[in-house]
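Survey of secondary and tertiary structure
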Amino acid sequence: ETADVAGRSRASIRDEIRAYIRSIAAEIDDRDLLVLLLAGFSLHLVKTGVRTYIPLFAVRSLGASAVIGGAMLSVRGAVRVVSAPASGKIVALGSTKFALLGGTALGVAGTALIPYMPTIGWLVVAVAIYSVGDAVFSTVLNDAVARRAAPEHRGGVVSGMNGLKNIGNTVAPALFGLFLAFSGFEGLFLAIAVSGLAYVVVGWALLGDLDA
């Protein structure tokens, strides 16, 4: 009898899990939410690519020391601290869609500039441009996904987005390493920029009014 009760309990848990997965899948039928979730992958594909190869570019192409190369990541962090709180004001001036895609476009522009920067000083400028876009995009994306998902499914939807972010983190170093091997730093950073630009195009075409 105890085994029978335990079996029914396990079956009940499985049924609940299946029902929860089905309900989350129903949420993803919302095209806007699906495009936002895919942004998690795009965001971290670009972010990890930039984060991985900026120090290497500074050292190998600009002759910087390892300390200065690492400090480029500190520039990114410092700019994000200042820029992220301004995201709400940007949304208020335009819209969530404008802030999301505008932030992505700014990040793309900064990334595309990186391989053409002749000195560390100019590299700081390019990294700062990228970092402002990244800060706005990241903040607005997290808020938009949380607001778009139904309260009862929000945890699962946000977890799904985090899973896509982790996939982006995993894929980026190896994928963009191939571009570095065959095309140098110019091909590498342009490939990263193009992957972000692709999301801007898709988002502009498919995203509706996220503030409705």
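Residues numbered from 1 in each chain as written. Predicted model: local features only at pLDDT ≥ 70, side-chain atom pairs only at ≥ 80, totals over all residues. Heavy atoms only, no water.

Looking only at helices and strands, the protein has 7 helices and 0 strands in total. Overall, the protein shows an N-to-C arrangement of helices and strands of α-α-α-α-α-α-α. The buried share of the protein, reckoned over its 212 residues, is 41%. Summarising the internal contacts of the protein: among those between residues at least 6 apart in sequence, 82% fall at separations of at least 24. Surface summary for the protein: the accessible area is close to 10,600 Å², and the carbon and sulfur share equals 68%. (Helix = DSSP H or I, 4+ residues; strand = E, 2+ residues; numbered from the N terminus. Buried < 20%, exposed > 50% of the residue type's maximum accessible area, 1.4 Å probe, protein only. Contact = heavy atoms within 4.5 Å. Areas by Shrake-Rupley, 256 points an atom, 1.4 Å probe, with all protein chains shown as cover.)

Moving on to empty space enclosed by the protein. If you walk through the whole model with that rule in mind, you get 1 cavity of 30 Å³ or more. Taken as a whole, the largest cavity holds about 100 Å³ of empty space. Lining the largest cavity are 13 residues, and of these Leu-43, Val-46, Thr-104, Tyr-130 and Phe-137 sit closest to its centre. Among the secondary structure elements, those contributing two or more residues to the lining of the largest cavity are α2 (31-60), α5 (96-113) and α6 (120-148). Taken together, the residues of the lining of the largest cavity break down into 5 nonpolar, 6 polar and 2 charged. (1 Å grid on protein atoms, 1.4 Å probe; cavity = no way out; pocket = protein on both sides within 12 Å on 5 of 7 lines; lining within 4 Å. Points joined across faces, edges and corners; volume = space filled by probe spheres on them. Nonpolar A, V, L, I, M, F, W, Y, C, P; charged D, E, K, R; others polar.)

With that out of the way, let us pick up the nonpolar core. Generally speaking, nonpolar side chains in soluble globular proteins are found buried as a group. Ile-54, Ile-114, Leu-123, Phe-176, Leu-188, Phe-189 and Ile-192 are the most contacted members of the largest nonpolar core, which has 25 residues in total. Listing elements by their share of this core, those giving two or more residues are α2, α3 (66-83), α6 and α7 (154-206). It is α7 that provides the largest number of residues to this core, a total of 8 residues. Discounting residues that sit within four places of it in the chain, Phe-176 has contacts with Leu-45, Gly-49, Tyr-53, Leu-188, Ala-191, Ile-192 and Ser-195. (Core = buried A, V, L, I, M, F, W, Y, C linked by side-chain atoms within 4.5 Å.)

Another point: the packing of aromatic side chains. Applying the stated criterion across every chain, the model contains 5 aromatic pairs. Both rings, one in Phe-57 and one in Phe-185, keep their centres 5.3 Å apart while their planes meet at 75°; by these two values the pair is edge-to-face. Within this pair, whereas Phe-57 is found in helix α2, its partner Phe-185 is found in helix α7, the two being separated by 128 residues in sequence. Each member of the pair Phe-57 and Phe-185 is classed as buried. Judged by centre distance (6.4 Å) and plane angle (20°), the rings of Phe-185 and Phe-189 are stacked. Here Phe-189 and Phe-185 lie together in helix α7, a separation of 4 residues that amounts to about one turn. Summarising the burial analysis for this pair, Phe-185 and Phe-189 share the class buried. (Phe/Tyr/Trp six-rings, centres within 6.5 Å; stacked < 30°, edge-to-face > 60°.)

Right, let's talk about the environment of Ala-99 for a bit. Here Ala-99 shows up in helix α5. Judged by relative accessible area, Ala-99 falls into the buried class, the value being 1%. Remark: the alpha-carbon pair of Ala-99 and Leu-141, spanning 42 residues in sequence, is separated by 9.2 Å. Look past the residues within four positions of Ala-99 in its chain and what remains in contact with it is Ile-90, Val-91, Val-136 and Val-140.

The next thing to look at is the side chain of Thr-104. Within the secondary structure, Thr-104 is located in helix α5. By relative accessible area, which is 9% here, Thr-104 ends up buried. When sequence neighbours within four positions are dropped, the list of residues in contact with Thr-104 reads Gly-133, Phe-137, Gly-196, Tyr-199 and Val-200.

It is worth spelling out the pattern of salt bridges at this point. Taken as a whole, this structure holds 4 salt bridges when the rule is applied. Two residues, Asp-134 and Lys-47, come together in a salt bridge whose shortest N-O distance is 3.8 Å. Residue Asp-134 is located in helix α6, and its partner Lys-47 is located in helix α2; the two are separated by 87 residues in the primary sequence. Each member of the pair, Asp-134 together with Lys-47, is buried. Among the ionic pairs, Asp-134 bridges to Arg-80, the shortest N-O distance being 2.6 Å. With a gap of 54 residues between them, Asp-134 in helix α6 and Arg-80 in helix α3 connect regions that are remote in the sequence. (Salt bridge = Lys/Arg side-chain N within 4 Å of Asp/Glu carboxyl O.)

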